[in-house]
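Residue-level structural notes
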Amino acid sequence: MGGETARGRKRKSALRPDTALVPVGEPEREIYVWSLPACCLRSLKETAMSEAGERRRLELECSCGRKWRVTSSLDGRILDRFVTHGGPRVGGSYPAA
Ligand SMILES: [Zn+2]
């Protein structure tokens, strides 16, 4: 135990807690990433940790059927993988609407 290894720094796969999302179609119900159902959180992580190369996604679609849009994030991995939707609350627009 102890964690720290000499080779490579061990980045935890935890995402920053300041990512906010809304369920698609319910822009009023913004929640933080740590409030996501476990399955959706896993999907988000998998996407965020995946290798680059794809286009950024407009939304996260979980196997449970829920869809989420990222409204804001300070996590570079999230920003690399997802288009952020500021939403009307912060004066943004929905490009995909
Ligand atoms: Zn889910």
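What follows concerns the overall build of the protein chain. Regarding its fold elements, the protein chain presents two helices and four strands. Ordered by position from the N terminus, the helices and strands of the protein chain form the series β-β-α-β-β-α. Across the 97 residues of the protein chain, 18% fall into the buried class. Taking the contacts inside the protein chain whose residues are at least 6 apart along the sequence as the reference set, 52% of them involve residues at least 24 apart.

Bridging between strand β1 (residues 20-23) and strand β2 (residues 31-32) involves two bridges; their strand directions are antiparallel. Pairing of L21 across the sheet is with I31, part of β2.

In this structure, L21, V22, V33, L36, C40, L44, A48, L60, W68, V70, I78 and F82 together form the largest nonpolar core, which totals 12 residues. Secondary structure elements with two or more residues in this core: β1, α1 (38-49) and β4 (67-72). With three residues, the top contributor of residues to this core is α1. If near-sequence neighbours (up to four positions away) are discounted, V70 is found in contact with T19, L21, I78, F82, T84 and H85.

Looking now at the sheet that holds β2. Reading across the sheet, the four strands line up as β2-β1-β4-β3 and stay open at both edges, with antiparallel pairing between neighbours. Every other strand in the sheet has two partners, leaving β2 and β3 (60-61) as the edge strands with one partner each. Pairing analysis gives four bridges linking β1 to β4, with the strands arranged antiparallel. In the strand pairing of β4, L21 is matched with V70.

Basis of the calculations
Residues numbered from 1 in each chain as written. Predicted model: local features only at pLDDT ≥ 70, side-chain atom pairs only at ≥ 80, totals over all residues. Helix = DSSP H or I, 4+ residues; strand = E, 2+ residues; numbered from the N terminus. Buried ≥ 20, exposed ≤ 12 C-beta atoms within 10 Å, placed from the backbone. Contact = placed C-beta atoms within 7 Å. Pairing = 2+ DSSP bridges. Core = buried A, V, L, I, M, F, W, Y, C linked by C-beta atoms within 7 Å.

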